[in-house]
Amino acid sequence: MAERIPLLAGNWKMNLDHLQATHLVQKLDWSLRDGKHDFAAVEVAVLPPFTDLRSVQTIIQGDKLAIRFGGQDLSQHDAGAYTGEISGAFLAKLGCTYVVVGHSERRALHGEDDAVVAAKVRAALRHGLSPILCVGEALEVRQAGEQVAHVLAQLDAALDGLTAEEVAQVVVAYEPVWAIGTGEVATPADAQEVCGAIRTRLAELTTGDTADGVRILYGGSVKPGNVAAIMAEEDVDGALVGGASIEVDDFSSICRYRSHHGGQG
Ligand SMILES: O=C[C@H](O)COP(=O)(O)O
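Residues numbered from 1 in each chain as written. Predicted model: local features only at pLDDT ≥ 70, side-chain atom pairs only at ≥ 80, totals over all residues. Heavy atoms only, no water.

1. Structural notes on the UniProt feature "active site" (unreviewed entry) in the chain
Phase 1: Here, the residues flagged by UniProt with the feature "active site" (unreviewed entry) are His103 and Glu175. Judged by maximum C-alpha separation, these annotated positions cover 73 residues in sequence but sit close together in space, the widest gap being only 8.4 Å. Among the annotated residues just listed, those that line the largest cavity are Glu175.
Phase 2: Note that histidine 103 resides in the loop between strand S4 (98-101) and helix H4 (104-109).
Phase 3: If near-sequence neighbours (up to four positions away) are discounted, histidine 103 is found in contact with Asn11, Lys13, Cys134, Glu175 and Ile180.
Phase 4: Here glutamate 175 shows up in the loop between strand S6 (171-174) and helix H9 (188-205). (UniProt positions renumbered as here; feature names shortened; annotations may be inferred. 1 Å grid on protein atoms, 1.4 Å probe; cavity = no way out; pocket = protein on both sides within 12 Å on 5 of 7 lines; lining within 4 Å. Helix = DSSP H or I, 4+ residues; strand = E, 2+ residues; numbered from the N terminus. Contact = heavy atoms within 4.5 Å.)

See below:
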């Protein structure tokens, strides 16, 4: 089986201006180094608002920090008359590694459907960015027991027509909508059920080797106290962290989940 380096990614959402961003990244780096974090073994990324990215790039590249960074969204277009949009080309130029695509908040609040999400995945790949493709079911879908079918349909739509080499660049984030920002965390078994189904479908869409190499994250109320148990699941390769990622001590602790009492991964 391919080795998958765990990824802990902090999605700051619409929080922290560029000055606060600089402070957080500096403190995060200090805290991780103080905790003897092995950056090569467990990858850490921050996903700030667009207006913070240049400052974050400057501090990370200037001080040679081992933290990666990326955007929270991108345009499906590369350039042109799209007022307010941000091109993947701009993100790539800033040194972004990742870009979130299809977060449930963008699907719900900005009307992004599967076709738009698929176009954004392609836009990210065109510019050498790894899309963090978000999928996940609403509460009523889970109550109907349809979470796996729902998530796999989102996955199929987003990856339709991609080559195995392209899929290998994608990170998938399973984020049950009912667990986002609610304090309602999915159980490790809930997360594994869907993440395992995602990997099986990735193998069907590409190859077993490709699917083995793709990282699948869990997102939804991940905190220092629950991350180790979730990370212990076979098909969970990291976390997409919202609220806890803008608290330095919490996010640092989440990134160092392997040092938690009883922590595995
Ligand atoms: O992208 C992150 C997710 O929406 C999770 O957010 P949360 O950790 O605040 O629940």
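Following the structure, the description resumes.
2. Comments concerning the state of the cysteines
Phase 1: Counting across every chain of the model gives 0 disulfides.
Phase 2: Just so you know, cysteine 134 is unpaired, no disulfide at all, and the nearest cysteine sulfur is the one on cysteine 195, 12 Å from it.
Phase 3: By relative accessible area, cysteine 134 is classed as buried at 2%.
Phase 4: Residue classification places cysteine 195 among the buried positions, given a relative accessible area of 0%. (Disulfide = S-S within 2.5 Å. Buried < 20%, exposed > 50% of the residue type's maximum accessible area, 1.4 Å probe, protein only.)

3. Things to note about the sheet that holds S4
Phase 1: A barrel is described by the order of its strands in space; here 8 strands give the closed sequence S1-S2-S3-S4-S5-S6-S7-S8, paired in parallel fashion. Across this sheet, the average inter-strand angle for adjacent strands is 25°, counted without regard to direction.
Phase 2: Where strand S1 (residues 7-11) and strand S2 (residues 43-47) come together, 5 bridges link them in parallel fashion. Looking at the pairing, glycine 10 lines up with valine 46 of S2.
Phase 3: Along the sheet, helix H5 (residues 114-126) contacts S4 and strand S5 (130-135); its crossing angle with S5, the most-contacted strand, is approximately 160°.
Phase 4: Contacts from helix H7 (residues 147-159) reach S5 and S6 within the one sheet, and its direction differs from that of S5 by about 150°. (Pairing = 2+ DSSP bridges. Axes fitted to C-alpha atoms, helices over the stretch in contact; angles between N-to-C directions.)

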